[in-house]
Amino acid sequence: MKKTLMYLFAGALLASCSKNEINPVTTDAQDDIDLKIVYYLTGDGEDVEGETEDGTVLMGGSTDVDAAFEWMIDRAGGGDFVVIRVTGEDGYNQYIYDMGGVNSVETIVINTTNSANSMGVYNRIINAEALFIAGGDQWNYVDIWKGTLVEDAINYLINVKHAPIGGTSAGESILGDAYFDAMNGTVTSEGALNNPYKDRVSLQYDNFIENPWLVNTICDQHYMGREGRHLTFMARLNKDYGIDVKGIGVDEETAACIDEDGHVQVFGINNAYFCKKTNLGPEACASGHPLTWDRGDQAMSVYKVPGTLTGDNTFELSDWSTGSGGTWGYFWAFKGTFYSSF
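Computed from a predicted model, the values in this text were never measured in an experiment.

Looking only at helices and strands, the protein chain has ten helices and 19 strands in total. Relative to the 2.2 N^0.38 estimate, which gives 20 Å for 342 residues, the radius of gyration of the protein chain is 20 Å and therefore close to what a compact globule would have. Viewed in the frame of its principal axes, the protein chain has a C-alpha envelope of about 65 × 40 × 30 Å. Carbon and sulfur atoms make up 46% of the accessible area of the protein chain, which totals about 13,200 Å². The centroid of the 21 positive side-chain charges in the protein chain is displaced by 8 Å from the centroid of its 49 negative side-chain charges.

Turning our attention to the pairing of strand E14 (residues 271-277). Counting buried residues in E14 gives six out of seven residues, a clear majority hidden from the surface. Bridge analysis of E14 against strand E15 (residues 300-306) gives seven bridges, and the strand direction is antiparallel. Counted as the bridge partner of Ala 272 is Val 305 from E15.

Taken residue by residue, the protein chain gives an average pLDDT of 91. The fraction at 70 or more is 90%. A low-confidence stretch, residues 1-28 (pLDDT under 50), is modelled with 71 contacts involving residues beyond four sequence positions or located in other chains.

This next bit is on the packing of aromatic side chains. Taken as a whole and assessed by the stated rule, the structure comprises 22 aromatic pairs. Between Tyr 92 and Phe 132, the ring centres sit 5.4 Å apart and the planes meet at 65°, which makes this aromatic pair edge-to-face. With Tyr 92 in the loop between strand E4 (80-85) and helix H3 (93-97) and Phe 132 in strand E6 (residues 130-133), this pair connects stretches of sequence that are 40 residues apart. Aromatic pair Phe 315 and Trp 320: ring centres 5.7 Å apart, planes at 75°, arrangement edge-to-face. Note on accessibility: Phe 315 and Trp 320 belong to one class, buried. These aromatic residues form a ring-pair network of at least three members: Phe 69, Phe 81, Tyr 92, Tyr 95 and Phe 132.

What follows deals with helix H6 (residues 138-145). Here H6 has its buried residues at Gln 138, Tyr 141, Val 142, Ile 144 and Trp 145. For H6, the N-terminal cap is Asp 137; the gap from its side-chain oxygen to the backbone nitrogen of Trp 139 is 2.9 Å. One or two steps after H6, the chain reaches Gly 147, where phi turns positive at roughly 80°.

A few words now on the pattern of salt bridges. Under the criterion given, the structure shown has seven salt bridges. Glu 106 is paired through a salt bridge with Arg 124; the nearest N and O atoms lie 3.1 Å apart. One end of the pair, Glu 106, is in strand E5 (residues 104-109); the other, Arg 124, is in helix H5 (residues 119-126), and 18 residues separate them in sequence. As far as burial versus exposure is concerned, Glu 106 and Arg 124 are alike and both buried.

Note on placement: Thr 292 falls in the loop between E14 and E15. Thr 292 gets classed as buried once you look at its relative accessible area, which sits at 12%. Between the alpha carbons of Thr 292 and Glu 49 there is a distance of 52 Å; along the sequence they are 243 residues apart. Among residues more than four places away in sequence, those in contact with Thr 292 are Pro 282, Glu 283, Ala 284, Ala 333, Phe 334 and Lys 335.

All right, on to the side chain of Thr 314 then. Within the fold, Thr 314 resides in strand E16 (residues 314-316). The class of Thr 314 is buried, set by a relative accessible area of 8%. Among the polar contacts listed, one links the side chain of Thr 314 to the side chain of Ser 324, at a separation of 2.6 Å. If we skip the residues at most four places from it in the chain, Thr 314 touches His 263, Val 264, Gln 265, Tyr 303, Val 305, Gly 323 and Ser 324.

Of note in this structure, Asp 206 is not a glycine but carries a positive phi near 60°. Residue position: Asp 206 is located in the loop between strand E9 (203-205) and strand E10 (217-220). Within the chain, Asn 216 stands out as a residue other than glycine whose phi angle is a positive 55°. Note on placement: Asn 216 falls in the loop between E9 and E10.

Across the five residues of strand E7 (residues 164-168), five count as buried, placing the element largely inside the fold. Of the two faces of E7, both are covered, the one formed by Pro 164, Gly 166 and Thr 168 as well as the one formed by Ile 165 and Gly 167. The pairing of strand E3 (residues 55-59) with E7 spans five bridges and is parallel. The partner of Met 59 across the bridge, within E7, is Thr 168.

About the thresholds
Numbering of residues begins from 1 in every chain and follows the order in which that chain's sequence is written. Note on the predicted model: pLDDT of at least 70 is required for a residue's local features to be given, and 80 or more for side-chain atom pairs to be given and counted; whole-chain, interface and lining totals, by contrast, use all residues. Note that water and hydrogens are dropped before the side-chain values are worked out from all heavy atoms of the structure. Elements are defined by DSSP. Helices are runs of H or I of four residues or more, strands are runs of E of two residues or more, and each kind is numbered from the N terminus. Here the globule rule reads 2.2 Å times residues to the power 0.38, and the radius of gyration is calculated from C-alpha atoms. Accessible surface is estimated by sampling points in the Shrake-Rupley manner with a 1.4 Å probe; for residues, cover comes only from the protein chains shown. A positive count includes Lys and Arg, and a negative count includes Asp and Glu. His and the chain ends are not counted in either. To locate a charge, take NZ of a lysine, CZ of an arginine, CG of an aspartate or CD of a glutamate. Each residue is placed in one exposure class: buried if its accessible area under a 1.4 Å probe, protein chains only, is under 20% of its type's maximum, exposed if it is over 50%, and partly exposed if it falls in between. What makes two strands pair is DSSP finding at least two bridges between them. Looking at any residue, its pLDDT shows the predictor's confidence there, from 0 to 100. Whether two residues are in contact is decided by their heavy atoms: any pair within 4.5 Å suffices. Stacked, tilted and edge-to-face pairs are distinguished by plane angle, under 30 degrees for stacked and over 60 for edge-to-face with tilted covering the rest, among Phe, Tyr and Trp rings (Trp via its six-membered ring) whose centres lie within 6.5 Å. Two N or O atoms count as a polar contact when they lie within 3.5 Å, although within protein this holds only if one can serve as hydrogen donor and the other as acceptor, and sequence-adjacent residues are included solely when both atoms are side-chain atoms. Definition used for salt bridges: Asp or Glu carboxyl oxygen within 4 Å of a side-chain nitrogen of Lys or Arg.

Right, here's the structure in full:
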């Protein structure tokens, strides 16, 4: 039985153990030692270069979706799987490694801007054949990682190496071109709908993760009960940036897996929602006033896709109009109250 060990680079480097055991990780940069960066490794410490395929996993949080990780592993080409996070430990290592098909699983705890600019961290990420962003607080990810080598490395994996990446909960929320950064804490649907410009509705756009299938798209997680805030986010983005905004919301215990052609399979036990504005933007979206985005009860066109264990139900991001196994409906808001046709 493997044991889980933590390696904190605060002193002399540790030697590697035998293949397929929990190995101490050697570092290729002195700054890893100075910054006390924590790595956890399960499997072979020797780098393996697998042939990767594009893929993005948007996981809604709570219990992880096994099929989504297996989908990522299939696209990792037998290489190395890296998990990044700001807090926590190695909870994913054994879980992913025991699925088989990867050379190693390594978790890196990156909790300062200096460590996010470590060349050792950067090299480990770009040498990965799959990358997963754990849950947590998305403001930590934005505040600590945005504008650093970690950001560069993530975008390298997506756009140059074409390796699968994914995230759950907060890790999912930062993968869109637009995102709720939670700088001032979380916000409820009621709070956002009653005042789209309250300080807790803190949004950013086009300045972090660059995923070609998520351009002008904002993702939200733990989605049941958050539809109203997601609609508000989209209203704000449409008004503030004039973009043809889109949104993907994913329920807990559910994952939307996007392949290289924009074909989405939904795995899990709940639903994923693919949202786009039908025509014009909101009628009333102003500071201190409740949101109205009504447009004849059809403000936001939504395709609701139930998850399955085998990912049989689908949606196509290539046209945002085609899917299978789901149901079309609408979201809208009138004077701060959210409505849904589902």
